[in-house]
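Examination of the molecular architecture
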Amino acid sequence: MSKEFKGWLLLLFLACIWGSSFILMKKGMFTSEGKAIFSDTQVGSLRMLIAGLVLLPFGLIYLRLIKTFKQLLCLSIVGFFGNFFPAFLFTYSETGISSGFAGMLNSFTPIFTVLIGYFIFKVKLTPIQIIGILIGTVGIYFLMAAGKSISKTGDWSHIIAVVIATLFYGISLNTIKHTLQDFNAIQITSLAFTVILPPSLIAAYGFDTFQTLQTNPYAYEGLFFISILSIIGTALAVILFNRIISVRSALFASSVTYFIPIVAVIIGYFFKETIGYWQIVAMFIILLGVILVNLGPLLFKGKKNEKNELSTVKS
């Protein structure tokens, strides 16, 4: 199986997982009737705690691979900026905006990935890739504008929370790409979650998460959805994400967030959110942008940027 085909296959699979994660967050906070279960901070802490416990056996095995303080620092950046902080920012955002709208806003990630990669790590981009990013961004704008059927009752703080989370994703992604080449996907993920496991446990206690488990009659219903979110939507998904970086590139991996809104809107349809004509048009615009960003260098002779973007993370 070629790296190109394998990369696309993993990307689409990951998009399906992460596209459904927003509704799982909502299900962890509220029942189908709208009754409160866990608070946004409790969902965030439980998500990180469960994922950390699942990955802990691997993390303990791979601790011996950390040789320098720089490696520990970079793994901590991945743990906190790529997982811990976004977990709380996204659940907070969904107390005011819909899961579908949060999925749309998540598409800021490739933009921040490019900006951080360009200004900090001096990653070069070809004009065709820049055009693809712009087209994808236009598609995201139209998808958001056409998503009026997805209710938004929150204020700007809920929207800004998602934007900050995507900025953190861009920091984490570039850190993996440029500083952790000596680790493979499972090692990076398990070690990063081992680092954030203690603060996740502290957060769970601090936000009275375990008390809610004992007192809320719907707690185990919410815990079921949070467990799926933690094990599949977090632990497994992050491993896949890091694997995509090793198979293809940081920019290619960040393109998963162009597909997430599509998945989020489709799932929203099954939860009584309608899909309009302009939403479908916006989806195709986004797909065009992704194709240009990732296949542009292969479609135009003389474009050699692809080799500059290929990851050197050990697989």
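Residues numbered from 1 in each chain as written. Predicted model: local features only at pLDDT ≥ 70, side-chain atom pairs only at ≥ 80, totals over all residues. Heavy atoms only, no water.

Our focus in this paragraph is the overall build of the chain. Scanning the chain from N- to C-terminus turns up 14 helices and 0 strands. Counting helices and strands in the order they occur from the N terminus, the chain gives α-α-α-α-α-α-α-α-α-α-α-α-α-α. Residues counted as buried form 55% of the 315 residues belonging to the chain. Taking the intrachain contacts of the chain between residues at least 6 apart in sequence as the baseline, contacts between residues at least 24 apart amount to 88%. Carbon and sulfur atoms make up 71% of the accessible area of the chain, which amounts to about 14000 Å² in all. (Helix = DSSP H or I, 4+ residues; strand = E, 2+ residues; numbered from the N terminus. Buried < 20%, exposed > 50% of the residue type's maximum accessible area, 1.4 Å probe, protein only. Contact = heavy atoms within 4.5 Å. Areas by Shrake-Rupley, 256 points an atom, 1.4 Å probe, with all protein chains shown as cover.)

Per the counting criterion, the structure on display carries 1 salt bridge. Two residues, Lys 26 and Glu 94, come together in a salt bridge whose shortest N-O distance is 4.0 Å. With Lys 26 in helix 1 (residues 3–29) and Glu 94 in the loop between helix 3 (69–93) and helix 4 (99–105), this pair connects stretches of sequence that are 68 residues apart. Assessed through its relative accessible area of 1%, Glu 94 is described here as buried. (Salt bridge = Lys/Arg side-chain N within 4 Å of Asp/Glu carboxyl O.)

Once that is clear, we can look at the nonpolar core. Leu 14, Trp 18, Leu 180 and Phe 241 are the most contacted members of the largest nonpolar core, which has 72 residues in total. Among the elements that line this core, the one with the most residues is helix 1, at 11 residues. Excluding residues that lie within four positions of it along the chain, Phe 241 makes contacts with Leu 14, Trp 18, Leu 173, Ala 253, Ser 254 and Val 256. If you look at the next biggest cluster of nonpolar residues, it comprises 10 residues, including Met 29, Ile 37, Phe 38 and Leu 223. (Core = buried A, V, L, I, M, F, W, Y, C linked by side-chain atoms within 4.5 Å.)

Turning our eyes to something else, we now look at empty space enclosed by the protein. Considering all chains together, one arrives at 4 cavities of 30 Å³ or more under this definition. Trp 18, Gly 82, Asn 83, Tyr 169 and Val 238 are, among the 28 residues lining the largest cavity, the residues nearest its centre. Residue assignment for the lining of the largest cavity shows that the elements contributing at least two residues are helix 1, helix 2 (40–62), helix 3, helix 7 (156–179), helix 10 (219–247), helix 11 (250–254) and helix 12 (256–270). Broken down by element, the lining of the largest cavity gets its largest block of residues, 6 residues, from helix 3. Class assignment of the residues belonging to the lining of the largest cavity gives a composition of 16 nonpolar, 11 polar and 1 charged. (1 Å grid on protein atoms, 1.4 Å probe; cavity = no way out; pocket = protein on both sides within 12 Å on 5 of 7 lines; lining within 4 Å. Points joined across faces, edges and corners; volume = space filled by probe spheres on them. Nonpolar A, V, L, I, M, F, W, Y, C, P; charged D, E, K, R; others polar.)

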